[in-house]
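Fold and contact review
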Amino acid sequence: MTAALRSSFVALLVAVCSCGTSTAPADRTVTVPAAPVPAAYLSFWVDVDVGDSVAVTLDNALAGYITRSHSTAPACRGTGVFTVEVTPGIHTISAAGGGLTWNTNNTPNVLSGQCQLLRFSTAASERTRLLFWTNAPITSPINVVIDDLLVGQITRSYSSRPPCGAAGSVTTVLTPGVHVLSATGSGASWTTAITATADRCGFVQLNPNGTVTTN
């Protein structure tokens, strides 16, 4: 093989080998958007016609009005209830209409994607409030469940009975009569029947040993 032919052959090999090479693309950082948090909803209803709309206040701001009564519990987000979208968590509510008022420092701890149905009892004999409190050490919120409905969380311990509506306790409106209480949290649990008396605020103490005191 002549020198000229050998040089041409080497050049051909270099060209062939160079064809298969490529420059690696620069690294890319891909940002994946966070998944949206599913909405949470509260639906409010009244069980007796008060002859007026009921104004609902949520977190100290007017949220809307209930304009229709129901004799039985309607569907959450159903017809005739007032429904509002909220951030998941605990909120403060109050309501007024037809000469009646309702005040509570806690609503149920609404979870993402959940709709919670809340009733305002309207008869004068149904303005019964119960305050749930504890003198047990708080290591985690205590969920208070009445008649299978989560009504709020106790987040503060008191050395003596607090007033109705006290921060960190749970105050709720119930119909007079017997209700079933179950509560869990801070390493303890409580289950018992409680009696709500008309036109007063009753007090339910969750003791550290799992017993319940009412007065």
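Scroll up to find the structure.
Below is a short write-up of the structure. (Residues numbered from 1 in each chain as written. Predicted model: local features only at pLDDT ≥ 70, side-chain atom pairs only at ≥ 80, totals over all residues. Heavy atoms only, no water.)

Turning our attention to the overall build of the protein. Check the secondary structure of the protein and you find one helix and 15 strands. Expressed as a percentage of the 215 residues in the protein, the buried residues total 38%. Across the protein, the fraction of contacts at a sequence separation of at least 24, relative to all contacts at a separation of at least 6, is 60%. Per element, the accessible surface of the protein, about 11,800 Å² overall, is 54% carbon and sulfur. (Helix = DSSP H or I, 4+ residues; strand = E, 2+ residues; numbered from the N terminus. Buried < 20%, exposed > 50% of the residue type's maximum accessible area, 1.4 Å probe, protein only. Contact = heavy atoms within 4.5 Å. Areas by Shrake-Rupley, 256 points an atom, 1.4 Å probe, with all protein chains shown as cover.)

What follows covers the environment of Gly185. Looking at where Gly185 falls in the secondary structure, it is placed in strand E12 (residues 177–185). Sequence-wise, Gly185 and Gln153 are 32 residues apart; in three dimensions their C-alpha atoms are separated by 9.1 Å. Apart from residues no more than four positions distant in its own chain, Gly185 is found in contact with Ser140, Pro141, Ile142 and Trp190.

Counted according to the given criterion, the structure contains one disulfide. Paired through a disulfide, Cys76 and Cys115 show a sulfur-sulfur distance of 2.1 Å. The chirality of the disulfide connecting Cys76 with Cys115 is left-handed, given an S-S dihedral of about -85°. With Cys76 in the loop between strand E3 (61–66) and strand E4 (82–86) and Cys115 in strand E7 (residues 115–120), this pair connects stretches of sequence that are 39 residues apart. Among the residues examined, Cys115 registers a relative accessible area of 26% and is labelled partly exposed. (Disulfide = S-S within 2.5 Å.)

Counted under the stated rule, the structure contains two aromatic pairs. Ring geometry for Phe44 and Phe82: centres 6.1 Å apart, planes at 20°, overall stacked. Of this pair, Phe44 sits in strand E1 (residues 40–46) while Phe82 sits in strand E4, and the two are 38 residues apart along the sequence. Judged by its relative accessible area of 12%, Phe82 falls in the buried class. Between Phe44 and Phe120 the ring centres are 5.8 Å apart and the planes differ by 5°, which places this aromatic pair in the stacked class. (Phe/Tyr/Trp six-rings, centres within 6.5 Å; stacked < 30°, edge-to-face > 60°.)

This next bit is on the sheet that holds strand E13 (residues 188–196). Spatially, four strands are ordered E10-E9-E12-E13 in an open sheet, and the strand pairing comes out antiparallel. Edge positions in the sheet fall to strand E10 (149–154) and E13, since each has one partner strand and no second. Adjacent strand axes in the sheet meet at a mean angle of 25°, parallel and antiparallel pairs treated alike. Judged from the four bridges that link them, strand E9 (residues 142–146) and E12 form a sheet pairing that is antiparallel. Note that in E12 the partner of Asn143 across the bridge is Thr184. (Pairing = 2+ DSSP bridges. Axes fitted to C-alpha atoms, helices over the stretch in contact; angles between N-to-C directions.)

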